[in-house]
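Chain by chain, the residues:
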Amino acid sequence: MKRILTLLIILTLFSGQAFCQDDSPYKTSLKVDAPVIVAGMGLSYYGLTLMMDKEGLSEAQIMNLRKSDVNGFDRFSAGWHSDQAKKTSDIPFYSSFAAPALLLLNDNVRSKAGQVLVLYVETMAVTGAIFTMTNGNVPRIRPLVYSNEVALSDKKKANARNAFFAGHTAAAASASFFAAKIFHDFNVSSSAEPYVWAAAAAVPATVGYLRLKAGKHFLSDNLIGYAVGAASGILVPQLHKKANKRDISLIPVSSPEYNGAVLTYTF
C-alpha cells in the first residue's frame, strides 16, 4: 500500500493542469476533483497508519485458534499458505496498474491523456481510502495463521490481522475496470469491447485467486475487494460524464462509527 500511495502522489504532480477538456465525454474540475484526490490520499495514509498500528496476536491467542471458528463460507481455505502463490500474484497485480497506459494506444483517448490521468488518480485514491480505512479498523485474521507450516513469529505480526478486505484484489479491479470504462466511453460500440471487459474482469479475478491460495485472504475478503475496486473503477469516470448533466462528486469519509464514501448529487 505504501508503494501505491507513493505512485498516487507522483501521478498527481503530473496531472495538475489536466482538468478541462471541452471535447471529452467527461467533465473534470479543479475545485471538485483536487479536493477529492487530496482527501483520498490523506485518508489512505491515515488508514495505512491504522493498519500498521494494529496489535499482533499473542501466542496464547494463536494456540487457541480453531478452523471451526471461521464462518462456513470461508472455512475451506483456513490454513492455506503458499509463498509461490503470493509471489506469482504480484505479476498480474502490478501489471494491472499499467492497463490504463495501454489506452494511449487509442487515438481518442490519447488526446485526452491528461484528463484521463486525473480520473485514474482519483479512482485509485478513492479505492485506497476505502480499503485502508476499512482494513485499519477491522482486525480479521488471515487464513495462513491457521496453518501449522507458518512460523509463529509471522503469525504474531500485526500484518497477520489484515485480511479484510483484499487490497490487492481491490486495487487490481479498480485499475482494470477503470481502463475498460474509459475505453468504452471513448469508443462506443467498438468491436473490441467484449475483449476489453473480459480482460478487465479476468485480471483481478486472477489476483484474488492467487491471494486466496497464498493464505492472505478468505474468499469473502476477495469478493468484497473485487466489488469495491470494480465499483470505483466504473463509478468515478461515470460520475464525471457530461451526459449526467448534474453536479456530482464522490468523497471518501470516515468516522468512529463507519467508513465509506459520500456521494453528493446536486440538481
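Before going into details, it helps to say that this report is about the structure given with it. (Residues numbered from 1 in each chain as written. Predicted model: local features only at pLDDT ≥ 70, side-chain atom pairs only at ≥ 80, totals over all residues. Heavy atoms only, no water.)

## Focus on the overall build of the protein chain
Okay, so step 1: Broken down by element type, the protein chain carries ten helices and two strands.
Okay, so step 2: Along the chain direction, N to C, the helices and strands of the protein chain fall in the order α-α-α-α-α-α-α-α-α-α-β-β.
Okay, so step 3: Out of the 267 residues in the protein chain, the part that is buried amounts to 49%.
Okay, so step 4: Looking at the protein chain alone, contacts between residues at least 24 apart form 79% of all its contacts between residues at least 6 apart.
Okay, so step 5: Here the protein chain displays about 13000 Å² of accessible surface, and carbon together with sulfur accounts for 60% of that area. (Helix = DSSP H or I, 4+ residues; strand = E, 2+ residues; numbered from the N terminus. Buried < 20%, exposed > 50% of the residue type's maximum accessible area, 1.4 Å probe, protein only. Contact = heavy atoms within 4.5 Å. Areas by Shrake-Rupley, 256 points an atom, 1.4 Å probe, with all protein chains shown as cover.)

## Details of the nonpolar core
Okay, so step 1: Counting 19 residues, the largest nonpolar core has F97, L103, V116 and I182 as its most contacted members.
Okay, so step 2: Among the elements that take part in this core, helix α8 (residues 167-186) stands out by supplying eight residues, more than any other.
Okay, so step 3: In this structure, L65, I141, L144 and F218 belong to the second largest nonpolar core, which totals twelve residues. (Core = buried A, V, L, I, M, F, W, Y, C linked by side-chain atoms within 4.5 Å.)

## Some thoughts on helix α10 (residues 219-238)
Okay, so step 1: With 20 residues, α10 should reach 28 Å at 1.5 Å per residue; the first-to-last C-alpha distance of 28 Å fits that figure.
Okay, so step 2: Restricting attention to buried positions, one finds in α10 the residues S220, D221, N222, G225, G229, A230, S232, G233, V236 and P237. (Expected span 1.5 Å × (residues − 1).)

## Looking at the packing of α8 against α10
Okay, so step 1: The geometry of α8 relative to α10 is characterised by a closest axis approach of 7 Å and an angle of 30 degrees between their N-to-C directions. Here the hand of the crossing between α8 and α10 comes out right-handed. Residues T169, A170, A173, S174, F177, F178, K181 and I182 of α8 form the contact with α10, whose own contacting residues are N222, G225, Y226, G229, A230, S232, G233, I234, P237 and Q238.
Okay, so step 2: Residues that form the contact of α8 with α10 fall into these classes: nine nonpolar, eight polar and one charged. (Axes fitted to C-alpha atoms, helices over the stretch in contact; angles between N-to-C directions. Left-handed = near helix turned anticlockwise from the far one by under 90°. Nonpolar A, V, L, I, M, F, W, Y, C, P; charged D, E, K, R; others polar.)

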